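# Architecture and fold: a report
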Amino acid sequence: QVQLVESGGGLVQAGGSLRLSCAASGNIYSINAMGWYRQAPGKQRELVAIITYGGSTNYADSVLGRFTISRDNAKNTVYLQMSSLKPEDTDVYYCNADIRYCGWCNYRTNWGQGTQVTVSS
(Lines give C-alpha, C1' and ligand atoms only; values in the text may rest on other atoms or scores of the structure.)
Protein backbone atom coordinates (compact mmCIF):
# COMPACT_ATOMS: atom_id res chain seq x y z
CA GLN A 1 0.00 0.00 0.00
CA VAL A 2 1.28 3.42 -0.96
CA GLN A 3 0.00 6.94 -0.52
CA LEU A 4 0.66 10.14 -2.43
CA VAL A 5 0.13 13.29 -0.38
CA GLU A 6 0.02 16.64 -2.17
CA SER A 7 0.55 20.08 -0.71
CA GLY A 8 1.17 23.65 -1.79
CA GLY A 9 -1.99 24.52 -3.66
CA GLY A 10 -3.91 27.70 -3.01
CA LEU A 11 -4.96 31.09 -4.32
CA VAL A 12 -2.53 33.34 -6.13
CA GLN A 13 -2.77 36.44 -8.32
CA ALA A 14 -1.97 36.29 -12.02
CA GLY A 15 1.76 36.52 -12.53
CA GLY A 16 2.50 34.94 -9.18
CA SER A 17 4.08 31.64 -8.23
CA LEU A 18 3.24 28.48 -6.34
CA ARG A 19 5.24 25.37 -5.51
CA LEU A 20 3.43 22.04 -5.31
CA SER A 21 4.86 19.04 -3.49
CA CYS A 22 3.87 15.39 -3.56
CA ALA A 23 5.40 12.85 -1.20
CA ALA A 24 5.00 9.11 -1.66
CA SER A 25 4.98 6.86 1.38
CA GLY A 26 4.28 3.26 2.28
CA ASN A 27 5.85 -0.05 1.30
CA ILE A 28 7.93 1.32 -1.57
CA TYR A 29 10.71 -0.60 -3.25
CA SER A 30 11.29 1.85 -6.07
CA ILE A 31 9.62 4.65 -8.00
CA ASN A 32 9.97 5.11 -11.73
CA ALA A 33 8.37 8.11 -13.42
CA MET A 34 6.50 10.78 -11.47
CA GLY A 35 4.29 13.47 -12.86
CA TRP A 36 1.70 16.18 -12.51
CA TYR A 37 -1.66 16.38 -14.27
CA ARG A 38 -4.48 18.88 -14.07
CA GLN A 39 -8.19 18.84 -14.72
CA ALA A 40 -10.75 21.62 -14.95
CA PRO A 41 -14.48 21.00 -14.47
CA GLY A 42 -15.94 19.33 -17.54
CA LYS A 43 -12.54 18.90 -19.15
CA GLN A 44 -10.22 15.97 -19.77
CA ARG A 45 -7.35 15.43 -17.41
CA GLU A 46 -4.18 16.61 -19.11
CA LEU A 47 -0.50 16.06 -18.60
CA VAL A 48 1.37 19.01 -17.14
CA ALA A 49 4.84 17.54 -16.66
CA ILE A 50 6.58 14.22 -16.05
CA ILE A 51 10.03 13.34 -14.80
CA THR A 52 11.88 10.03 -14.95
CA TYR A 53 14.02 8.55 -12.20
CA GLY A 54 17.09 9.86 -13.99
CA GLY A 55 15.70 13.37 -14.33
CA SER A 56 14.51 13.52 -17.93
CA THR A 57 11.47 15.77 -18.24
CA ASN A 58 8.56 16.47 -20.56
CA TYR A 59 6.17 19.41 -20.38
CA ALA A 60 2.88 20.38 -21.91
CA ASP A 61 3.34 23.17 -24.45
CA SER A 62 1.05 25.41 -22.43
CA VAL A 63 3.38 25.41 -19.40
CA LEU A 64 6.78 25.08 -21.04
CA GLY A 65 9.07 27.82 -19.81
CA ARG A 66 6.83 28.67 -16.86
CA PHE A 67 6.67 25.44 -14.84
CA THR A 68 9.54 23.28 -13.63
CA ILE A 69 9.22 19.71 -12.39
CA SER A 70 11.86 18.20 -10.12
CA ARG A 71 12.23 15.31 -7.69
CA ASP A 72 14.12 14.26 -4.60
CA ASN A 73 14.57 10.51 -4.77
CA ALA A 74 15.81 10.29 -1.18
CA LYS A 75 12.49 11.78 -0.03
CA ASN A 76 10.26 10.06 -2.62
CA THR A 77 8.97 13.50 -3.47
CA VAL A 78 8.14 15.31 -6.71
CA TYR A 79 7.75 19.07 -7.00
CA LEU A 80 6.14 21.45 -9.45
CA GLN A 81 7.39 25.02 -9.39
CA MET A 82 4.80 27.19 -11.13
CA SER A 83 5.69 30.73 -12.16
CA SER A 84 4.02 33.43 -14.26
CA LEU A 85 0.68 31.89 -13.43
CA LYS A 86 -2.33 32.68 -15.59
CA PRO A 87 -6.05 32.43 -14.83
CA GLU A 88 -6.26 29.55 -17.29
CA ASP A 89 -3.92 27.58 -15.02
CA THR A 90 -6.78 27.35 -12.52
CA ASP A 91 -7.38 23.62 -12.10
CA VAL A 92 -7.20 20.71 -9.73
CA TYR A 93 -3.66 19.38 -9.94
CA TYR A 94 -3.01 15.67 -9.45
CA CYS A 95 0.26 13.96 -8.64
CA ASN A 96 1.02 10.50 -9.94
CA ALA A 97 3.86 8.01 -9.64
CA ASP A 98 4.72 4.58 -11.00
CA ILE A 99 5.63 2.52 -7.94
CA ARG A 100 6.55 -1.08 -7.14
CA TYR A 101 6.83 -2.58 -3.66
CA CYS A 102 9.37 -5.32 -4.44
CA GLY A 103 12.09 -5.99 -6.96
CA TRP A 104 10.02 -8.52 -8.92
CA CYS A 105 6.73 -6.61 -8.78
CA ASN A 106 5.24 -4.70 -11.66
CA TYR A 107 5.10 -0.95 -11.50
CA ARG A 108 1.64 0.41 -10.74
CA THR A 109 0.38 3.93 -11.29
CA ASN A 110 -0.78 5.72 -8.14
CA TRP A 111 -2.62 9.02 -7.89
CA GLY A 112 -2.92 11.69 -5.27
CA GLN A 113 -6.24 13.18 -4.23
CA GLY A 114 -5.66 16.45 -6.06
CA THR A 115 -4.93 19.96 -4.85
CA GLN A 116 -6.75 23.10 -5.98
CA VAL A 117 -4.81 25.88 -7.68
CA THR A 118 -6.74 29.10 -8.28
CA VAL A 119 -5.25 32.03 -10.17
CA SER A 120 -7.13 35.32 -9.95
CA SER A 121 -7.03 37.97 -12.67
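Preceding this section is the structure that the text describes.
Description of the structure in this document. These numbers come from a predicted model, not from an experiment. (Residues numbered from 1 in each chain as written. Predicted model: local features only at pLDDT ≥ 70, side-chain atom pairs only at ≥ 80, totals over all residues. Heavy atoms only, no water.)

## Here we look at unusual backbone geometry
As a reminder, the rule being used: Strands here are runs of E lasting at least two residues and helices are runs of H or I lasting at least four, both read from the DSSP assignment and numbered beginning at the N terminus. Whether a residue is buried, partly exposed or exposed follows from its accessible area with a 1.4 Å probe, protein chains only, as a fraction of its type maximum: under 20%, in between, or over 50%, in that order.
Residue N76 is not a glycine yet carries a positive backbone phi of 50 degrees. With respect to the secondary-structure elements, N76 resides in the loop between strand 7 (67–72) and strand 8 (77–82). On the basis of relative accessible area, N76 is assigned to the partly exposed category, the value being 25%. Its identity as a non-glycine residue notwithstanding, S84 has a phi of 50 degrees, on the positive side. Take S84: its relative accessible area is 41%, and that puts it in the partly exposed class.

## Description of the environment of R66
Put simply, the rule is: Should any heavy atoms of two residues lie within 4.5 Å, those residues are counted as being in contact. We define a polar contact as two N or O atoms separated by no more than 3.5 Å, with the added condition that, inside protein, one atom must be a possible hydrogen donor and the other a possible acceptor, whereas residues neighbouring each other in sequence contribute only through side-chain atom pairs.
Assignment of secondary structure puts R66 in the loop between strand 6 (57–59) and strand 7. Taking C-alpha positions, R66 is 23 Å from P41, a pair spaced 25 residues apart along the chain. Contact partners of R66, with chain neighbours within four places excluded, come to Q81, M82, S83, S84, L85, K86 and D89. Reaching out from R66, the side chain makes a polar contact with the backbone oxygen of S84 at a distance of 3.0 Å.

## Observations regarding the sheet that holds strand 1 (residues 2–7)
Hydrogen bonding along the main chain pairs the strands of a sheet, whether they run parallel or antiparallel. Quick reminder of the rule: Paired strands, in this sense, are two strands between which DSSP finds at least two bridges. Fitted lines through C-alpha atoms serve as axes, helices being fitted only where they are in contact, and the angles separating the N-to-C directions of these axes extend from 0 to 180 degrees.
Taken together, four strands build an open sheet; the order of strands is 1-3-8-7 and the sheet is antiparallel. What marks the edges here is a single partner per strand, and that holds for strand 1 and strand 7. On average, each strand axis in the sheet is tilted by 15 degrees relative to the strand beside it, whichever way the strands run. In this sheet, strand 8 lies alongside strand 7 in antiparallel orientation, the contact comprising six bridges. Residue pairing in the sheet places F67 in a bridge with M82 of strand 8.

## Here we look at the pairing of strand 4 (residues 30–39)
Of all ten residues making up strand 4, seven are buried, and the element is well covered by its neighbours. Examined bridge by bridge, strand 4 and strand 9 (residues 91–100) share eight bridges and lie antiparallel to one another. Bridge pairing links W36 to C95 in strand 9. Pairing of strand 4 with strand 5 (residues 46–51) involves five bridges; the strand directions are antiparallel. Paired with G35 across the two strands is I50, which belongs to strand 5.

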